[in-house]
Structure formats: C-alpha cells, structure tokens
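The chain contents come next:
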Amino acid sequence: MTDDELEAQLVTLRARVQTLEDVEAIKKLHRTYIRRLADRQWHDMVDMFTADAVADLRQHGPRHGHAEIAELFASMRAAGNPPDGYVLSSPVIDVDADLATGTWTWHRHLCEFPVMGSVLRVFGPWWEGRYRCTYRREDGQWKFATMVFRLVAPDCEPEPASAPEAVTSDAGAH
Amino acid sequence: MLAPTDGRRRTRAGQLAELARIEARLRDLESLTEIEDLHREFTRAVADREFATLPGYFTDDAVIDMRRHGAMHGRDAIARHFGGMHAVPLTGAGYVLSSPILDVTGDTAAGEWTWHRFLADGTVAGKSVRVWGLWEEGRYRCSYRRTQYGWRFSRMHFRVVRPDHDDDPPDGGEHT
C-alpha cells in the first residue's frame, strides 16, 4: 500500500469511527434527558438544547430558545411528581457531519390518579409516544436542535390548535 | 487528531500513529457493544431463571448491592445470593432493560441502566391470581472490567425506584 493509499484509507476510517461515536453520543444525550425527565431533575435539562432550539411537545405548542423551554419545564415541574415509569427504545439515528436526526419510541406507565380529592393507585394505563428530533454539535457537544413529541397510542394525539408552524428536521440546520 | 491540512505529507510513522488512535477508538466502541450484550444477557438469564449461570457474569472480586439484601463481596457470596432466588420462584414476569449510558475507559467502564419488570400474578388470600398491569422501575449502576474471558461486572448496584422506592438495606448498602 502506498503512502497516498494509506492516507486515503485513514481519512475514510476516521470518518466512519467518528460517525459511530456520534451516534453513541446522541443516544447518551437522549437517554440522559429521559432519565432526568423521569427523575424530575429539571435544572440541567435546558442546557441539553441549543440556544435556538425549538421544542414542540404534545399540546404545549412550539417553544423557541432556552427561556421559553425553561418556562415549559417549569410548568411541567409545577404539575407534580407522579411516580411514572419511562421506557425509551428503538433509536434510529442518522448523522451528517455536525447535524443529525433521530426517531425514538417512548412509553410511559402511569399508576396514580386523582379521584375525589385523593390519589388512587391503579396499574395498567400506558401511553406510547414518538420523538422526532434533530441534534446539532456545538463546541464538540451534541444538543437537541429541535424536538417534536406526540403520543401515538392508544389514542393518537391531535396537533395543538395553536401550532403556528411545523417543526421539521430542517430546523436543525438553522 | 486531524491529518495535516497545510499540504504537508504525513510520514509513515505519523500514519501508523493515526491508525493506532483509530484502532483504540474502535476498541472502545466494540467494548460498548460487548458491555451492553453482557448486561442484556444477564437480564435475560434472570428473566429465564437461570440462576446457576449468573455468578459467571461477575469478576472474582465483584461486589453486588441488590435492593434490601446488603453488600455481598466476591463470587461465592454472589452465587449464594442468586442461589437463594430459587426459593422465590417468580414466573410470568416480563423484563425490559433500556437507556444504557456507558463510559468506557480502556479496560474498565461504568454504566447506568433503566429496568422494568412487568408482573402478571398477584396474591389474594394466599392464592395467586392473574392481574395485568403491575410494573416496577429500577436502576442499575454498575462497573465493568475486561477480563481474559471478556467483560464482566465488577460492581452492581440495583434499586427499585418507582412507583415506590426501595429502602436502603440495614447496613446502608455499598457506597463506592
């Protein structure tokens, strides 16, 4: 093998390894986000988004940037601390240099419900949801650039009435 | 490290050094997969009640701290612990292991996982009845070490965290 051939192979190998490392880093980001969500550790979650990120979660409508996303998390914190179980699975991640897209399946198992002023424990209810996200590398760190989340089963969630725009995977490039 | 971009050619020694760095990064990625396989196979063996095989997933000097049982040091103690699970036959339970977050450093690694157990049998007036929907969520916090036989658990900490959090064992468990 000539020096030029070896150099070309090194460049290719390095790029392939980098892509594999990026996929793992993005999985780690999203799994850490879900674990913090489950554990209600809201304080560090905003920093997992780029400064110009858009989060479009269920009926809440798109939230732009750290301040609006922090406000959204604050409202979720105020909603309480249910002892629900979260399962995040089936990641499909595609990396293109400093941008990436990812789709995940999510399950939430609920077990406590307010009834007549008290809380009843009832096992069985669950939801299935989908994350469709874009990720962007900033200063060597992968972050969420856009996050769209909807429930899909047992009942598919309607789009929020106030949704003024669609968040697409292209938003990650902005 | 990036290749020179200013038009200079890299020496053969430089190329070989770069190749070694790529190989090391690939080795860490392979380790990640091997550790995930180890933990998934361990959980599948638990689900399938293959208790006799479980000590083989640990290093000789491993420490486990499972729920209320307290810390147990070494493979013999670990074998006794899992052997005791024969006495509590739990059938009809489904297990889901998810969200691994692993950090590999050469021949050692740390990992955190989420665990769910879905139960289908409850006890009413001393009799087992089929009840759908019951679940528990747990967390594994583990250390792993590469041995001549492959990756093994060197430390395993496990607690159920939802819907009700496990109390710590009387001895406080293992804190490392």
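Data block above holds the structure.
This is a predicted model, so every value here is computed, not measured.

Asker: What is the right way to look at the overall build of chain B in this model?
Answerer: Regarding its fold elements, chain B presents two helices and six strands. Ordered by position from the N terminus, the helices and strands of chain B form the series α-β-β-α-β-β-β-β. Scaling as 2.2 N^0.38, a compact globule of 176 residues should have a C-alpha radius of gyration of about 16 Å, whereas chain B reaches 21 Å, well beyond that. Referenced to the eigenvectors of the C-alpha coordinate spread, the extents of chain B come out at roughly 80 × 35 × 30 Å.

Asker: Looking at this structure, how should I read the interface of chain A and chain B?
Answerer: One frequent convention defines the size of an interface as the accessible area lost when the parts assemble. Each side of the interface is counted separately: chain A has 25 residues, and chain B has 25 residues. Listing elements by their share of the side of chain A that touches chain B, those giving two or more residues are helix 1 (3-39) and strand 3 (85-96) of chain A. The element that contributes the greatest number of residues to the side of chain A that touches chain B is helix 1 of chain A, accounting for 16 residues. Along the lines of polarity and charge, the residues of the side of chain A that touches chain B split into 12 nonpolar, five polar and eight charged.

Asker: Where do I start with the sheet that holds strand 4 (residues 108-124) of chain B in this structure?
Answerer: Across a sheet, paired strands are connected by hydrogen bonds in the backbone, their directions being either parallel or antiparallel. Residues and elements named next belong to chain B. Reading across the sheet, the six strands line up as 2-1-6-5-4-3 and stay open at both edges, with mixed pairing between neighbours. Each edge of the sheet is formed by a strand with only one pairing partner; in this case those strands are strand 2 (71-73) and strand 3 (94-105). When strand polarity is set aside, the average angle formed by the axes of neighbouring strands in this sheet is 15 degrees. Pairing between strand 5 (residues 127-147) and strand 6 (residues 150-162): 11 bridges, direction antiparallel. In the strand pairing of strand 6, C142 is matched with M156. The strands touched by helix 1 (residues 12-47) within the sheet are strand 3, strand 4, strand 5 and strand 6, with strand 3 carrying the most contacts at an inclination of about 150 degrees.

Asker: Explanation requested: the sheet that holds strand 3 of chain A in the structure shown.
Answerer: All names here are of chain A. The six strands lie next to each other as 2-1-8-7-4-3, forming an open sheet whose pairing is mixed. Each edge of the open sheet carries a strand with a single partner, namely strand 2 (62-64) and strand 3. Across the sheet, the axes of successive neighbouring strands diverge by a mean angle of 15 degrees, strand direction being ignored. Here strand 4 (residues 99-109) pairs with strand 7 (residues 126-138) via 11 bridges, running antiparallel. Its bridge partner being in strand 7, G102 is matched across the sheet by C133. Sheet strands touched by helix 1: strand 3, strand 4, strand 7 and strand 8 (141-153). Its angle to strand 3, the strand with the most contacts, is close to 155 degrees. Here helix 2 (residues 65-78) sits on the sheet in contact with strand 1 (49-57) and strand 2, set at roughly 40 degrees to strand 1.

Asker: Explain unusual backbone geometry here, please?
Answerer: For residues that are not glycine, phi is negative in most cases, and the peptide bond is trans in most cases. Here A:A153 and A:P154 are connected by a cis peptide whose omega angle stands at 0 degrees. Locating A:P154 in the fold gives a position in the segment after strand 8. In this model, B:R162 is joined to B:P163 through a cis peptide bond whose omega is 0 degrees. Even without being glycine, B:R49 reaches a positive phi, approximately 60 degrees. Topologically, B:R49 is positioned in the loop between helix 1 and strand 1 (58-66). Positive phi, normally seen in glycine, also occurs at B:A125, with a value near 50 degrees. Within the secondary structure, B:A125 sits in the loop between strand 4 and strand 5. By C-beta crowding, B:A125 is classed as exposed, having 5 other C-beta atoms within 10 Å.

Asker: Sorry if this is basic, but what is going on with the pairing of strand 3 of chain A here?
Answerer: Residues and elements named next belong to chain A. In terms of strand pairing, strand 3 meets strand 4 through 10 bridges, oriented antiparallel. Within strand 4, the position partnered with Y86 by the bridge is R108. Linking strand 3 to strand 4, which pair antiparallel, is a turn of two residues; within it A97 sits at a positive phi near 60 degrees.

Asker: Any chance you could explain the nonpolar core here in plain terms?
Answerer: Soluble globular proteins tend to bury their nonpolar side chains together. Counting residues in each nonpolar core, the largest one holds 25 residues, and the members touching the most others are B:I35, B:A62, B:I64, B:I78, B:Y144 and B:F153. Elements with a contribution of two residues or more to this core: helix 1, strand 1, helix 2 (75-84), strand 3, strand 4, strand 5 and strand 6 of chain B. At five residues, strand 1 of chain B tops the list of elements feeding residues into this core. Beyond its immediate stretch of four places on either side in the chain, B:Y144 contacts B:I35, B:T108, B:A109, B:G111, B:W151, B:R152, B:F153 and B:S154. Counting 23 residues, the second largest nonpolar core, distinct from the first, contains A:V54, A:V87, A:A100 and A:W142.

Asker: What am I meant to see in helix 2 of chain A here?
Answerer: A rise of 1.5 Å per residue sets the reference length of helix 2 of chain A, with its 14 residues, at 20 Å; its end C-alpha atoms lie 20 Å apart and thus fit the reference within 8%. Within two residues after helix 2 of chain A, A:G80 carries a phi angle of roughly 115 degrees, on the positive side.

Definitions and limits used
Residues numbered from 1 in each chain as written. Chains lettered and ligands numbered in written order. Predicted model: local features only at pLDDT ≥ 70, side-chain atom pairs only at ≥ 80, totals over all residues. Helix = DSSP H or I, 4+ residues; strand = E, 2+ residues; numbered from the N terminus. Rg over C-alpha atoms; globule rule 2.2 N^0.38 Å. Contact = placed C-beta atoms within 7 Å. Nonpolar A, V, L, I, M, F, W, Y, C, P; charged D, E, K, R; others polar. Pairing = 2+ DSSP bridges. Axes fitted to C-alpha atoms, helices over the stretch in contact; angles between N-to-C directions. Buried ≥ 20, exposed ≤ 12 C-beta atoms within 10 Å, placed from the backbone. Core = buried A, V, L, I, M, F, W, Y, C linked by C-beta atoms within 7 Å. Expected span 1.5 Å × (residues − 1).

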